[in-house]
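What follows is each chain in one-letter form.
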Amino acid sequence: YKTACILLNGLSYKDSAEKFQSVKQALIKNAKVGDIVYFGTYEQDNDTSNGKENIEWLVLAKENNRILVISDKALDCQPYNTSLSDVTWENCTLRKWLNDDFVNVAFDAEERKMIPSVIVSAYKNPIYDTNSKNATNDRVFLLSIVEAEKYFTSDEARKCMPTEYAMANGDALGGEAINWWWLRSPGDYQFFAANVYSDGSVDEDGNGVNYDLAVRPAMWITIDG
């Protein structure tokens, strides 16, 4: 299925777009942990003249009729919160951006129906006693420290390359080829949020929430049938 997606993507034959959509659905339905699936579109090559590109998602878990995915590359660069102030995932501006702006730009109406709203746990920082506040109901979210260590088995697996668009929007701390990316857990201060370093290690101390770091959206996708 993945090979078929690659071959069909971008072809201009009369039925190639329809077949590409069909193969994408089959890829999602048959996905296993560690696979890459295609779902939604987002600007990635930083060339808006050729339209948005298909998003590649890494499958982290599969249960019942749904899969947990995270973007394989960093799709954008955003602050966790637009002001340097005490904040949690519950009330940060990045949560609002992911569930309002991003979800409507990246997915069409039919795709949005496949993204359920789920309870996102307010996992505490395992080292520091900062307040993580309340669980939330989200369609798109960031991984927590606990989840980043659960679903990725090594620092190497957590390393993340940016898209050209993400790099143009600020990239993580100086334009590195491998990004620092946000986690939703609080850092060692209430105005810090945890992140993953460019070497893939988890930074429980975190960075000031108004920093521009890479964003790897995560979500569940419901499998039809």
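Since the structure is predicted, the reported quantities are computational estimates derived from the model, not experimental observations.

J.: In this structure, what is going on with the side chain of asparagine 81? I would like to understand it.
T.: Along the polypeptide, asparagine 81 turns up in the loop between strand E4 (76-79) and helix H3 (93-106). Residue asparagine 81 is classed as buried on the basis of its relative accessible area, which comes to 6%. From its side chain, asparagine 81 meets the backbone nitrogen of threonine 93 in a polar contact 3.0 Å long. Excluding anything up to four places from it in sequence, asparagine 81 contacts Val87, Asn91, Cys92, Thr93, Val209 and Asn210.

J.: I tried to follow unusual backbone geometry on my own but got confused; where do I start?
T.: For residues besides glycine, phi is generally negative; the peptide bonds are generally trans as well. Phi at asparagine 64 takes a positive value of approximately 50°, unusual for a residue other than glycine. Assignment of secondary structure puts asparagine 64 in the loop between strand E2 (53-63) and strand E3 (66-71). The backbone of lysine 133 shows a phi angle near 65°, a positive value even though the residue is not glycine. In this fold, lysine 133 is placed in the loop between strand E5 (118-120) and strand E6 (136-138).

J.: Explanation requested: the pattern of salt bridges in the structure shown.
T.: Two side chains carrying opposite charge are able to pair once their charged atoms lie near each other. A complete count under the given rule lists seven salt bridges for this structure. For aspartate 100, the salt bridge is made with lysine 96, and the minimal N-O distance between the two is 2.9 Å. Highlighted residues: aspartate 100 and lysine 96, both in helix H3, separated by four residues, approximately one helical turn. When its relative accessible area of 55% is taken as the criterion, lysine 96 is described as exposed. Of the charged contacts in the structure, one is a salt bridge between arginine 184 and glutamate 147, with a shortest N-O distance of 2.7 Å. Linking arginine 184 in strand E8 (residues 181-186) with glutamate 147 in helix H5 (residues 145-151), this pair joins segments that are 37 residues apart in sequence. What makes glutamate 147 buried here is its relative accessible area of 14%.

J.: What is the right way to look at the packing of aromatic side chains in this model?
T.: We describe a pair of aromatic rings using the distance from one ring centre to the other and the angle between the two ring planes. If you walk through the whole model with that rule in mind, you get 13 aromatic pairs. For the pair tryptophan 97 and phenylalanine 102, a centre-to-centre distance of 5.8 Å together with 35° between the ring planes defines the contact as tilted. Like phenylalanine 102, tryptophan 97 is buried. Consider the rings of phenylalanine 152 and tryptophan 181, whose centres lie 6.2 Å apart with planes at 65°: the pair is edge-to-face. In this pair, phenylalanine 152 sits in the loop between H5 and helix H6 (155-158) while tryptophan 181 sits in strand E8, placing the two residues 29 residues apart along the sequence. Of the two residues, phenylalanine 152 and tryptophan 181, both sit in the buried class. One aromatic cluster is present, formed by Phe39, Tyr42, Trp57, Trp97, Phe102, Phe107 and Tyr165 through successive ring pairs. Lying over the aromatic face of tryptophan 220, arginine 66 brings its terminal NZ or CZ to 4.1 Å of the ring centre. Geometry around tryptophan 181 places arginine 216 over its ring, the cationic atom sitting 4.7 Å from the centre.

J.: Quick question: what am I supposed to make of H3 here?
T.: Relative to the 20 Å expected for 14 residues at 1.5 Å per residue, H3 spans 18 Å between its end C-alpha atoms, a close match to the ideal helical length. The sharpest bend along H3 reaches about 25° and sits at asparagine 99.

J.: Explain the sheet that holds E3 here, please?
T.: Pairing between sheet strands relies on hydrogen bonds along the backbone, with the strands arranged either parallel or antiparallel. Spatially, five strands are ordered E1-E2-E3-E12-E7 in an open sheet, and the strand pairing comes out antiparallel. The sheet is open, and its two edges are formed by strand E1 (36-42) and strand E7 (140-141), each paired on a single side. One ladder, built from six bridges, connects E2 with E3; its direction is antiparallel. Within E3, the position partnered with glutamate 63 by the bridge is arginine 66.

Conventions and cut-offs
- Residues numbered from 1 in each chain as written.
- Predicted model: local features only at pLDDT ≥ 70, side-chain atom pairs only at ≥ 80, totals over all residues.
- Heavy atoms only, no water.
- Helix = DSSP H or I, 4+ residues; strand = E, 2+ residues; numbered from the N terminus.
- Buried < 20%, exposed > 50% of the residue type's maximum accessible area, 1.4 Å probe, protein only.
- Polar contact = N/O pair within 3.5 Å; in protein donor to acceptor, adjacent residues only side chain to side chain.
- Contact = heavy atoms within 4.5 Å.
- Salt bridge = Lys/Arg side-chain N within 4 Å of Asp/Glu carboxyl O.
- Phe/Tyr/Trp six-rings, centres within 6.5 Å; stacked < 30°, edge-to-face > 60°.
- Lys NZ or Arg CZ within 6 Å of the ring centre and 35° of its normal.
- Expected span 1.5 Å × (residues − 1).
- Bend = angle between axes of the 7 residues up to and from the residue.
- Pairing = 2+ DSSP bridges.

Limitation: the analysis is restricted to geometry and does not speak to function.
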